[in-house]
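Summary of structural features
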Amino acid sequence: TGSAKITRESFPVLDGVAAQMKANPGIKVEVAGFTDNSGSDTLNRALSQRRAEMVMSYLVAQGVPAANLVAKGYGPDFPLDTNATAAGRANNRRVMIKQIQ
């Protein structure tokens, strides 16, 4: 909650994404950050943007060209789960990577 820190268990997934992107240099992706609906919309949008930017920075540090990445924060929009429970809110706090080209 309230953090843009990448979790330890995410590193192998991100390393795999970086390897795929380096092997296929024409791929462009959106790194999309999300939050739950707790707190203000303004803070959630800023936090989701920071989450997306942290993942983007990690991928760039792994050798992915920054030109192939765009970071976008969506705040609490597009929840995967209910925001009525702690487990649901935890599922909504995430970063997703979507191929855009």
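Data block above holds the structure.
Quick look at the structure, then. Not measured: the values here are computed from a predicted model.

So, how was this worked out
- Chains are numbered independently. Their residues run from 1 in the order of the written sequence.
- pLDDT decides what is reported in this predicted model: residues at 70 or higher carry local features, side-chain atom pairs at 80 or more are listed and counted, and totals for whole chains, interfaces and linings draw on all residues regardless.
- Think of the side-chain values as coming from all heavy atoms in the structure, minus any hydrogens and water.
- In DSSP terms, a helix is any run of H or I states spanning at least four residues, a strand is any run of E spanning at least two, and both are numbered starting from the N terminus.
- Only C-alpha atoms enter the radius of gyration, while the globule expectation follows 2.2 Å times N to the 0.38, with N the number of residues.
- Here, Shrake-Rupley sampling with a 1.4 Å probe gives the accessible areas, and only protein chains in the shown set may cover a residue.
- Positive residues here are Lys and Arg, negative ones are Asp and Glu, while His and the chain termini are left out of the count.
- Where a charge lies is defined by one atom per residue type, namely NZ (Lys), CZ (Arg), CG (Asp) and CD (Glu).
- Exposure is judged per residue with a 1.4 Å probe applied to protein chains only, and the accessible area is read against the type maximum: over 50% gives exposed, under 20% gives buried, and values in between give partly exposed.
- Pairing between two strands requires that DSSP report at least two bridges joining them.
- Look down the strands so they point away from you; if the path from the first strand over the helix to the second goes clockwise, the crossover is right-handed.
- One side-chain nitrogen of Lys or Arg within 4 Å of one carboxyl oxygen of Asp or Glu is enough to make a salt bridge.
- Only heavy atoms matter for contacts: two residues are in contact if any of them lie within 4.5 Å across the pair.

Right, let's get into the overall build of the chain. In terms of helices and strands, the chain carries three helices and three strands. Its helices and strands taken in sequence order, the chain reads α-β-α-β-α-β from the N to the C terminus. Computed over C-alpha atoms, the radius of gyration of the chain comes to 14 Å, within 12% of the 13 Å expected from 2.2 N^0.38 for 101 residues, which places it in the range of a compact globule. For the chain, the spread of C-alpha atoms along the principal axes amounts to about 40 × 25 × 20 Å. When the accessible surface of the chain is summed, it comes to about 5,800 Å², and 58% of that surface belongs to carbon and sulfur atoms. Here the chain contributes 12 positive and 8 negative side-chain charges, whose respective centroids are spaced 3 Å apart.

Here we take up the pairing of strand β2 (residues 69-73). Along β2, the buried face is formed by Leu69, Ala71 and Gly73; none of Val70 and Lys72, which line the opposite face, is buried. Sheet topology places strand β1 (residues 29-34) next to β2; five bridges connect them, and they run parallel. Looking across to β2, one finds that Val29 is bridged to Leu69. Crossover connection from β1 via helix α2 (residues 41-61) to parallel β2: handedness right-handed.

What follows deals with the side chain of Arg51. Relative to the elements of secondary structure, Arg51 occurs in helix α2. Here Arg51 sits buried without a salt bridge, and the closest side chain of opposite charge, Asp36, lies 6.8 Å off (N-O distance). Non-local contacts of Arg51, meaning those with residues more than four positions away in its chain, are made with Thr1, Gly2, Ser3, Ala4, Phe34, Thr35, Arg93, Arg94 and Val95.

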